[in-house]
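Structural description and commentary
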Amino acid sequence: MAHFDYIIKNATCILRNTSKNWTSEVLDVGIQNGKIQSLKAGLSADAETFDATGLHLLPGLIDTQVHFRQPGLEHKETIATGLKGAALGGITGVFEMPNTAPPTDCPERLQEKLAIASKDPWANYAFFAGATPENIPQLNSLELTPGCCGVKVFMGSSTGSLLISTEELLDGVLKNGKRRVAIHSEDEALLVKRFKSLNLDSKTVFSHPEWRNEEVALTSTKKLVRLAKLNRRPVHVLHVTTAEEMAFLKQEKEGGLVTVETTPQHLTLYAPDCYERLGTLAQMNPPIRDKKHQEALWKAINDGTVDVLGSDHAPHTIEEKNRPYPKSPSGMTGVQTTVPLMLDHVNHKRLSLYRLVELLAERPCQIYGIKNKGALQVGRDADFTLVDLKTERIIENSWIASLAGWSPFDGKKVMGWPKGTMIGGNWTMLEDQLQVPLGRSFEFEF
Ligand code: DOR
């Protein structure tokens, strides 16, 4: 009789068939040495088993945009608490952003984060290197550090000091390296000009999307795409939020040089409702906008313009968020709520479960070159997100592991919930309980 370390039985598996079309099949998954060894119905073997009847098994879902605040801002989040939130939310791995204090802009800072993550690895992890005007000549070697997922550029100021504000500097970044560069695309010159002319100090959070408006986003994204094409350097436009950018990016995607992210919160919250209900808790960069933009984001999800969903998990304490606008910091938690929110959207037929797997597993692996993950396939790592599409639950702040302790979705009822998170054949979470922290740093092809 065949031997496996573990078998997940009767799971409705989401996978591509031999013709590369999506299909869902009730199968048993035999796991050995952390890998998928067998995927078939009626597997009979001597092994510990888990009965997943009625549950959907997805390749491990990956959140490629989180801010975990360590070092320097540990009162908001640590790498360990951030990774716990990931596991509890059905996320098997994260890419963490460099705007910590100090920022992750040199090999020592990358090594420091990797060492911290390896102590409490509730999910797999990799870290971005932040581009600064000073480190441009080193970026081509920095991006090749094992455990680094690439270079991150802030074209407009957000939380922290990282900034590449001119076209000359951006051109330098794009010339120094070859991996896909992740970009926060808002035009710094316009942000500065509009902040002054709108006299924001006398305004409320309702002005946030007016300050950081469509023009701020589109101007920056057009500059970025022009320079990416000129340098033939792949770029990933993070958290795209406007109808105008989506229309533009749809035309610019051929060849795969430019890839696109949007976020679950931009697909779920909308202005002015979110500012009426949540005030500055709904403040983030780029802002949550009105329904016209949200509908354009959904269209872009379903016509293939969007490649990836990232949560932009960006915790700040309630006290910090309660400062009067515009002193209130931008950002909200998200790594733990992405899966429940998006399963709710699946249940409401806004997208298919297949499309969700593309956005959170297949495409992240393809565009960043993550090794051995992103598909239910014999030989791949046994990283899974097990979900129950029929569980109805209310998202509550008491469930949130982030040190910030709050979610903008507190009180929201959702249909669909992560039941288990598995990494390399071991559960990190089962039925809301953390299990064993056996994540590792991601490996990449480049
Ligand atoms: O709202 C945001 N918060 N957007 C960002 O780009 C950064 C993030 C943070 O780190 O707080």
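Residues numbered from 1 in each chain as written. Predicted model: local features only at pLDDT ≥ 70, side-chain atom pairs only at ≥ 80, totals over all residues. Heavy atoms only, no water.

For the rest of this paragraph, the subject is the overall build of the chain. Assigned secondary structure in the chain consists of 14 helices and 17 strands. Computed over its C-alpha atoms, the radius of gyration of the chain comes to 21 Å, within 12% of the 22 Å expected for a compact globule of 446 residues. Dimensions of the chain, computed from C-alpha atoms along their principal axes, come out at roughly 75 × 45 × 40 Å. Counting the 446 residues in the chain, one finds 62% classified as buried. Taking the contacts inside the chain whose residues are at least 6 apart along the sequence as the reference set, 73% of them involve residues at least 24 apart. (Helix = DSSP H or I, 4+ residues; strand = E, 2+ residues; numbered from the N terminus. Rg over C-alpha atoms; globule rule 2.2 N^0.38 Å. Buried < 20%, exposed > 50% of the residue type's maximum accessible area, 1.4 Å probe, protein only. Contact = heavy atoms within 4.5 Å.)

In this structure, Ser185 sits in the loop between β10 (181-184) and α5 (188-197). Within the structure, Ser185 has its side chain in polar contact with the side chain of Ser220 (distance 2.7 Å). With residues up to four places along the chain from it excluded, the contact list for Ser185 reads Met155, Ala217, Ser220, Thr221, Val237 and Glu245. (Polar contact = N/O pair within 3.5 Å; in protein donor to acceptor, adjacent residues only side chain to side chain.)

Turning our eyes to something else, we now look at the nonpolar core. One finds Leu83, Val94, Val153, Leu170 and Leu356 to be the most contacted residues of the largest nonpolar core, which totals 70 residues. Broken down by element, this core gets its largest block of residues, 6 residues, from helix α14 (residues 353-368). Among residues more than four places away in sequence, those in contact with Leu83 are Phe68, Val94, Ala117, Asp120, Pro121, Trp122, Ala123, Asn124 and Tyr125. Among the nonpolar cores identified, the runner-up in size contains 27 residues, and Tyr275, Met284, Ala404 and Phe409 belong to it. (Core = buried A, V, L, I, M, F, W, Y, C linked by side-chain atoms within 4.5 Å.)

With that out of the way, let us pick up unusual backbone geometry. A cis amide bond, omega 0 degrees, links Ala271 with the succeeding residue Pro272. The phi torsion at Arg232 lies on the positive side, around 50 degrees, for a residue other than glycine. One can find Arg232 in the loop between α7 (214-231) and β11 (235-237). Look at Arg232 and you get exposed, because its relative accessible area is 70%.

This next bit is on the state of the cysteines. Across all of its chains, the model carries 0 disulfides by this definition. We note that Cys148 lacks a disulfide partner, and the nearest cysteine sulfur, in Cys149, lies 5.7 Å from it. For Cys148, a relative accessible area of 0% translates into the label buried. (Disulfide = S-S within 2.5 Å.)

Along the chain, Phe248 falls in helix α8 (residues 243-251). Residue Phe248 is classed as buried on the basis of its relative accessible area, which comes to 16%. Distance in space between the C-alpha atoms of Phe248 and Lys193 is 24 Å, their sequence separation being 55 residues.

This part is about the sheet that holds strand β8 (residues 124-130). Ordered by their spatial adjacency, 8 strands build an open sheet running β6-β7-β8-β9-β10-β11-β12-β13, and the pairing between neighbours is parallel. Pairing within the sheet leaves two strands with one partner each, and these edge strands are β6 (61-66) and β13 (308-309). With 3 bridges connecting them, β10 and β11 associate as parallel partners. Bridge pairing in β11 places Ala182 opposite His236. (Pairing = 2+ DSSP bridges.)

Turning our eyes to something else, we now look at the packing of α5 against α7. Following both chains from N to C, one finds α5 and α7 inclined at 160 degrees, their axes separated by 9 Å at the closest point. Looking at the two axes, α5 sits roughly antiparallel to α7. Seen from above, α5 lies across α7 with right-handed handedness. Along its contact with α5, which presents Leu190, Leu191 and Arg194, the element α7 presents Glu215, Val216 and Thr219. Here the residues of the contact of α5 with α7 are counted per class, giving 3 nonpolar, 1 polar and 2 charged. (Axes fitted to C-alpha atoms, helices over the stretch in contact; angles between N-to-C directions. Parallel < 35°, antiparallel > 145°, perpendicular 65-115°, else oblique. Left-handed = near helix turned anticlockwise from the far one by under 90°. Nonpolar A, V, L, I, M, F, W, Y, C, P; charged D, E, K, R; others polar.)

This part takes up the pattern of salt bridges. Within this structure, the stated rule accounts for 24 salt bridges. Residue Asp381 pairs with Lys35 through a salt bridge whose shortest N-O separation is 2.7 Å. Taken together, the positions of Asp381 in the loop between α14 and β14 (384-394) and Lys35 in strand β3 (residues 35-40) put the pair 346 residues apart, joining distant regions of the chain. A relative accessible area of 13% means that Asp381 is categorised as buried. For Lys35, a relative accessible area of 30% gives the class partly exposed. Where salt bridges share partners, they join Arg16, Arg355, Glu358 and Glu362 into one cluster. (Salt bridge = Lys/Arg side-chain N within 4 Å of Asp/Glu carboxyl O.)

Take the pairing of strand β1 (residues 3-16) next. Two strands pair when backbone bridges link them, and β1 and strand β4 (residues 46-51) are joined in this way by 5 bridges, in the parallel orientation. Paired with Tyr6 across the strands is Glu48, a residue of β4. Strand direction decides the pairing type here: β1 and strand β2 (residues 22-32), joined by 9 bridges, are antiparallel. Directly across from Ile7, in β2, lies its bridge partner Gly30.

A few words now on the site of the ligand. If you check the shell around the ligand, you find 14 residues, and the closest are Arg69, Asn99, Thr159, Asn285 and Ser330. Here an oxygen atom of the ligand sits 2.8 Å away from a polar atom, N or O, in the side chain of Asn99. The contact in question runs from an oxygen atom of the ligand to an N or O atom on the side chain of His316, over 3.0 Å. Computed on the free molecule, the ligand has an accessible area of 290 Å², of which 100% lies beneath the protein chains in the complex. The class makeup of the residues in the shell around the ligand is 3 nonpolar, 9 polar and 2 charged. (Near = heavy atom within 4 Å. Areas by Shrake-Rupley, 256 points an atom, 1.4 Å probe, with all protein chains shown as cover.)

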